[in-house]
Amino acid sequence: MNTKILKLLNEIYPLQITEIEVTNELYRCKADKGQFYARITNYKSFDEQIDEIRYTKFLYENGISVPAVVPSLRHNLLETITLDKAYLTVMYETAPGVHLQRKEWNSFILRELGRQIGKLHRVSRQYEQAFPENHINHWYDNEEYAFLKYIPEKEKKIREKAAQLLNEIKGLPRGVMNYGLLHGDLCLENVLVDKDSNITMIDFQDCEKHFYIFDLAVTIYSAMEYSFTGNENITDYGRSIAAAIIIGYQEQHHLSQEMIDKLPLFIRLKEMFEYSLMHMYWNQDTLSEEQVRIMNHFRIKIENNHTLLNLSEMYI
């Protein structure tokens, strides 16, 4: 299969690829001009993917550190590749930086990450002003937020909390400063950092229209889950992470104190999102012991309102 993919990619792109290697949903491509990454997927429709690519191309051209798109020989940003069936493919240049180890995340880098997210949202507003019509969904139209479709009816308490959570967030007032296009999955795995602490954001496949605070919630949630080493109180650690990220963010894009106060609400949305995905994608009849442990952990947390972050009396 890899040989066929290599041949097809060389027919599409001007790169003279010599070797490919599968890594997650991407194909790492070694070529005479360096290293590139091909995404070959039908995760979204052509219209959704081309608008995602146009969006990230706009971000790149306006100073946001995201991977550059490589046009095909036909000067297209998105092409079709036929394997067992037709797939959509896009080629990216390799982004600078690496995934930091747990102990390497610190307040300086997290503040810089917040700054880059703020800049991202500011430029996203410019994109929406220039291109108001696009096929990128509002968050609540994406299947991953159909919590009541996937969380079993027997879990009545969690379903009630899910419905209340969705209604509360959908009812929040929306404006150009607090709602618009964003990354949608800014976990630390989608952040690369180089030796000078410059940050690149990758994988915009889940970009959506949402409250900007959600990108911050996902980042803070991921930072607490991934970077906490157990050397201090987790509540204090969570507040220090949130403070660093929000302070950096406010340097580039203003969020009102009222929206910042909603951060724990969006942390809960992220937790419910993750729990629903477990039901959506995991085969409930063949769960491993680790999957059962994770689901029970989330279930207990959600049922007992044990949020990962409490920002009471914290003002930025």
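Remember, predicted model here, so these are calculated numbers, not experimental data.

Participant: What is the right way to look at the overall build of the protein chain in this model?
Facilitator: Counting its regular elements, the protein chain contains 10 helices and 10 strands. Taking 316 residues into account, the globule formula puts the C-alpha radius of gyration at 20 Å, and the protein chain, at 20 Å, falls close to it. Each of the three principal axes of the protein chain carries a C-alpha extent, and together these read 55 × 50 × 40 Å. When each of the 316 residues of the protein chain is scored for burial, the buried share is 51%. Expressed as a percentage of contacts within the protein chain between residues at least 6 apart in sequence, the contacts between residues at least 24 apart total 73%. By element, 48% of the accessible surface of the protein chain is carried by carbon and sulfur atoms, the whole surface being about 15600 Å².

Participant: When you look at the pattern of salt bridges in this model, what are you seeing that I'm missing?
Facilitator: Two side chains with opposite charge may pair up if their charged atoms get near one another. One pass over the full model with this rule turns up 15 salt bridges. Linking Arg54 and Asp51 is a salt bridge whose minimum nitrogen-to-oxygen distance equals 3.5 Å. Of this pair, Arg54 and Asp51 both sit in helix H2 (residues 46-61), 3 residues apart, roughly one helical turn. Look at Arg54 and you get partly exposed, because its relative accessible area is 45%. Among the ionic pairs, Glu143 bridges to Lys149, the shortest N-O distance being 2.5 Å. Given a relative accessible area of 32%, Glu143 falls into the partly exposed group. Where salt bridges share partners, they join Arg111, Glu112, Arg115 and Glu251 into one cluster.

Participant: Teacher, can you tell me more about the pairing of strand S6 (residues 86-93) here?
Facilitator: Walk down a regular strand and you will see the side chains alternate between the two sheet faces. In terms of residue burial, S6 counts as a mostly covered element, since 6 of its 8 residues are buried. Here strand S3 (residues 34-41) runs beside S6; their pairing, made up of 6 bridges, is antiparallel. Pairing of Thr41 across the sheet is with Leu88, part of S6. In this sheet, S6 lies alongside strand S4 (residues 69-70) in antiparallel orientation, the contact comprising 2 bridges. Bridged to Val69 within S6 is Tyr92. Of the pairings in the sheet, the one linking strand S5 (residues 79-82) to S6 comprises 4 bridges and is antiparallel in character. Bridge pairing in S6 links Glu79 to Thr89. In textbook terms, the turn of a hairpin is the stretch between consecutive antiparallel strands, and for S5 and S6 this stretch comprises 3 residues.

Participant: Sorry, what's going on with unusual backbone geometry here?
Facilitator: In terms of backbone geometry, most residues other than glycine have negative phi values and most peptide bonds are trans. Phi at His75 takes a positive value of approximately 70°, unusual for a residue other than glycine. With respect to the helices and strands, the residue His75 is situated in the loop between S4 and S5. Located in the positive-phi region is Asp203, a residue other than glycine, with phi close to 60°. Note on placement: Asp203 falls in the loop between strand S9 (199-201) and strand S10 (208-211).

Participant: What should I look at first to understand the environment of Pro14 in this one?
Facilitator: Counting through the fold element by element, Pro14 comes out in the loop between helix H1 (2-12) and strand S1 (17-23). Judged by relative accessible area, Pro14 falls into the partly exposed class, the value being 36%.

Participant: Sorry if this is basic, but what is going on with the packing of aromatic side chains here?
Facilitator: Given two aromatic rings, one states the distance between the centres and the angle between the planes to describe the pair. All chains considered together, the criterion is met by 12 aromatic pairs. Taking the centre distance of 6.1 Å and the plane angle of 80° together, the rings of Tyr55 and Phe204 count as edge-to-face. Linking Tyr55 in helix H2 with Phe204 in the loop between S9 and S10, this pair joins segments that are 149 residues apart in sequence. The pair formed by Tyr55 and Phe204 is uniform in burial state, with each residue classed as buried. Ring centres of Phe58 and Tyr127 lie 5.3 Å apart, and the angle between their planes is 65°; this geometry places the pair in the edge-to-face category. Here the residue Phe58 occupies a position in helix H2, and Tyr127 occupies one in helix H3 (residues 107-130), the gap between them amounting to 69 residues. An aromatic cluster is present here, built from Trp139, Tyr140, Tyr145, Phe147, Phe214 and Phe273 joined pairwise through their rings.

Participant: Before we go on, may I ask you to explain the packing of H2 against H3 in this structure?
Facilitator: Two packed helices can be described by the angle between their axes and the distance between those axes. At their nearest, the axes of H2 and H3 sit 10 Å apart, and the two run at 120° to each other. The two elements H2 and H3 meet at a crossing, and its hand is right-handed. Of the residues in H3, those in contact with Asp51, Arg54, Tyr55, Phe58 and Leu59 of H2 are Leu120, Val123, Ser124, Gln126 and Tyr127. Classifying every residue of the contact of H2 with H3 by side-chain character gives 6 nonpolar, 2 polar and 2 charged.

Participant: It is not clear to me how the confidence of the model for the protein chain should be interpreted in this structure. Could you clarify?
Facilitator: Any segment with low pLDDT has predicted coordinates that should not be analysed in fine detail. Taken as a whole, the protein chain shows an average pLDDT of 93; of its residues, 95% reach a score of 70 or greater. Ignoring residues within four places in sequence, the model shows residues 312-316, a span with pLDDT below 50, making 11 contacts including any to other chains.

The rules behind the values
Residues numbered from 1 in each chain as written. Predicted model: local features only at pLDDT ≥ 70, side-chain atom pairs only at ≥ 80, totals over all residues. Heavy atoms only, no water. Helix = DSSP H or I, 4+ residues; strand = E, 2+ residues; numbered from the N terminus. Rg over C-alpha atoms; globule rule 2.2 N^0.38 Å. Buried < 20%, exposed > 50% of the residue type's maximum accessible area, 1.4 Å probe, protein only. Contact = heavy atoms within 4.5 Å. Areas by Shrake-Rupley, 256 points an atom, 1.4 Å probe, with all protein chains shown as cover. Salt bridge = Lys/Arg side-chain N within 4 Å of Asp/Glu carboxyl O. Pairing = 2+ DSSP bridges. Phe/Tyr/Trp six-rings, centres within 6.5 Å; stacked < 30°, edge-to-face > 60°. Axes fitted to C-alpha atoms, helices over the stretch in contact; angles between N-to-C directions. Left-handed = near helix turned anticlockwise from the far one by under 90°. Nonpolar A, V, L, I, M, F, W, Y, C, P; charged D, E, K, R; others polar. pLDDT = per-residue confidence, 0-100.

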